[in-house]
Amino acid sequence: MVHQKAPTQPTFLSIRQLTIAAFLSAITIFLGITGYGFIPLVIMNATILHIPTIIGSLSAGRKVGMIVGFMFGIFSFIRSLQAPSALLLFAVQYNVMADAFICIVPRILIGLIAYELYRHLKIREVWRVAVTAVVTTVIHTVLFLGSFTALVGVPYAEAQGIPFMNVINIMLGITAVNGVPEAIVSGLIVTPIIMALQRAGLKAQ
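Residues numbered from 1 in each chain as written. Predicted model: local features only at pLDDT ≥ 70, side-chain atom pairs only at ≥ 80, totals over all residues. Heavy atoms only, no water.

An unreviewed UniProt entry lists the protein chain under the name ECF transporter S component, with Megasphaera massiliensis as the source organism.

Here is the structure:
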């Protein structure tokens, strides 16, 4: 009598993906704790804390990217409770659940967005990676500031004694001043790393 092997159940993540997710999550937290995740520019600091999330998506798939993004978001949320920026200080004081959403959800989404954008671009590989990194970074900024505006923008305007439209203008200004340099930095960092990983055989399927 021939015994057939039971079909192997697909796992959520392979050992390789788990390892990459853990490694990139650790890098994200290290960059945040040490301050190395912030690059001083002429008029502001650009953050690179989202870069491991993009790298995870492009090297190991959407699940890895979303896990790293989730860890980035959790770290950001904890930091917002300990030493928040001016905007997140208001969000924490107004509604801690709104603060959690603002910190976590956009970071999870960039893991998915980076993968899907990369998968659907049909251009030369080096440009494919660069465009994905740049556009995803801009989208990350828009999602983060957009979440703040949608969830606490009205009470923030009331607390500051300004029209709600002014809040929208402030967010647009931050997107231009912070988002564009961060996008450029992201493209410059992510592209050579992903190209090197691809030569080593690591590429999202």
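**As for the overall build of the protein chain**
As a reminder, the rule being used: Only DSSP runs of H or I reaching four residues or more are called helices, and only runs of E reaching two or more are called strands; each is numbered from the N terminus. A 1.4 Å probe rolled over the protein chains alone gives each residue an accessible area, and that area as a share of the maximum for its type sets the label: buried under 20%, exposed over 50%, partly exposed in between. Here the positive residues are Lys and Arg and the negative ones are Asp and Glu; neither His nor the chain ends is included. For this purpose, a charge sits on NZ of Lys, CZ of Arg, CG of Asp or CD of Glu.
When helices and strands are counted, the protein chain shows seven helices and two strands. The helix and strand sequence of the protein chain, counted from the amino end, reads α-β-β-α-α-α-α-α-α. Dimensions along the principal axes, computed over C-alpha positions, put the protein chain at roughly 80 × 40 × 30 Å. Classification of the 205 residues of the protein chain by burial places 44% in the buried group. Between the averaged position of the 12 positive side-chain charges in the protein chain and that of its 5 negative side-chain charges there is a distance of 18 Å.

**Points about the environment of I162**
Let me state the cut-off plainly: It only takes one pair of heavy atoms within 4.5 Å for two residues to be counted as in contact.
Along the polypeptide, I162 turns up in the loop between helix 6 (125–160) and helix 7 (164–199). The exposure class of I162 is partly exposed, given its relative accessible area of 26%. Contact partners of I162, with chain neighbours within four places excluded, come to A157, V167 and I170.

**Notes on the packing of aromatic side chains**
Note the following rule: To pair, rings of Phe, Tyr and Trp, with the six-membered ring standing in for Trp, must have centres within 6.5 Å; the planes then decide the type, stacked if under 30 degrees apart, edge-to-face if over 60, and tilted in the middle.
In total, this model carries four aromatic pairs according to the counting rule given. Relative to Y94, the ring of F90 has its centre 5.9 Å away and its plane inclined at 5 degrees; by these criteria the two rings are stacked. With F90 and Y94 both in helix 4 (residues 86–94), this residue pair falls four residues apart, about one helical turn. Residue classification places Y94 among the partly exposed residues on the basis of a relative accessible area of 48%. An angle of 80 degrees between the planes, with centres 5.3 Å apart, marks the rings of F90 and Y156 as edge-to-face. Note that F90 is positioned in helix 4 and Y156 in helix 6, a separation of 66 residues in sequence.

**Focus on the UniProt feature "transmembrane region" (unreviewed entry) in the protein chain**
Applicable threshold: UniProt positions are given in the numbering used here, feature names are shortened, and annotations may be inferred rather than shown by experiment.
The positions that UniProt labels "transmembrane region" (unreviewed entry) are, in the present scheme, residues 20–43, 64–82, 94–115, 127–150 and 170–197. Along residues 64–82 the backbone is 100% helical and 0% strand, and the end-to-end C-alpha distance reaches 27 Å. Summarising residues 170–197: 100% helix, 0% strand, and an end-to-end C-alpha distance of 38 Å.

**So, the nonpolar core**
The cut-off we apply is this: What is meant by a nonpolar core is a set of buried Ala, Val, Leu, Ile, Met, Phe, Trp, Tyr and Cys residues, joined one to another through side-chain atoms within 4.5 Å.
I55, L58, V64, V129, V190 and I194 are the most contacted members of the largest nonpolar core, which has 24 residues in total. Those elements that provide at least two residues to this core are helix 1 (15–34), helix 2 (51–60), helix 3 (62–82), helix 5 (96–120), helix 6 and helix 7. Sort the elements by how many residues they give to this core and helix 2 lands first, with five residues. Ignoring sequence-local partners within four residues, the contact set of I55 consists of L24, V190, I193, I194 and L197. Counting residues in hydrophobic clusters, the runner-up holds 18 residues, among them A100, F148, A157 and V167.

**Here we look at helix 5**
Which entries qualify depends on this criterion: Here the expected length of a helix is defined as 1.5 Å per residue gap, with one fewer gap than residues. Here a polar contact means two N or O atoms within 3.5 Å. Within protein one must be a hydrogen donor candidate and the other an acceptor candidate, and residues neighboring in sequence count only if both atoms are side-chain atoms.
The terminal C-alpha atoms of helix 5 lie 36 Å apart, and with 25 residues this matches the ideal 36 Å at 1.5 Å per residue to within 8%. The opening residue of helix 5 is N95, an N-cap whose side-chain oxygen sits 2.9 Å from the backbone nitrogen of M97.

**Description of the packing of helix 4 against helix 6**
Which entries qualify depends on this criterion: Note on definitions: angles span 0 to 180 degrees between N-to-C directions of axes, and those axes are lines fitted to C-alpha atoms, for helices only across the stretch in contact. The scheme is simple: roughly parallel for angles under 35 degrees, roughly antiparallel for over 145, roughly perpendicular for 65 to 115, oblique for anything else. Classification convention: Asp, Glu, Lys, Arg as charged; Ala, Val, Leu, Ile, Met, Phe, Trp, Tyr, Cys, Pro as nonpolar; all other residues, Gly among them, as polar.
Across the interface, helix 4 lies against helix 6 with an axial gap of 10 Å and an inter-helix angle of 75 degrees. If you check the angle between helix 4 and helix 6, you find them roughly perpendicular. For the pair formed by helix 4 and helix 6, the contact residues are L87, L88, F90, A91 and Y94 on the first element and F144, L145, F148, L151, V152, P155, Y156 and A159 on the second. A per-class count over the contact of helix 4 with helix 6 returns 13 nonpolar, no polar and no charged.

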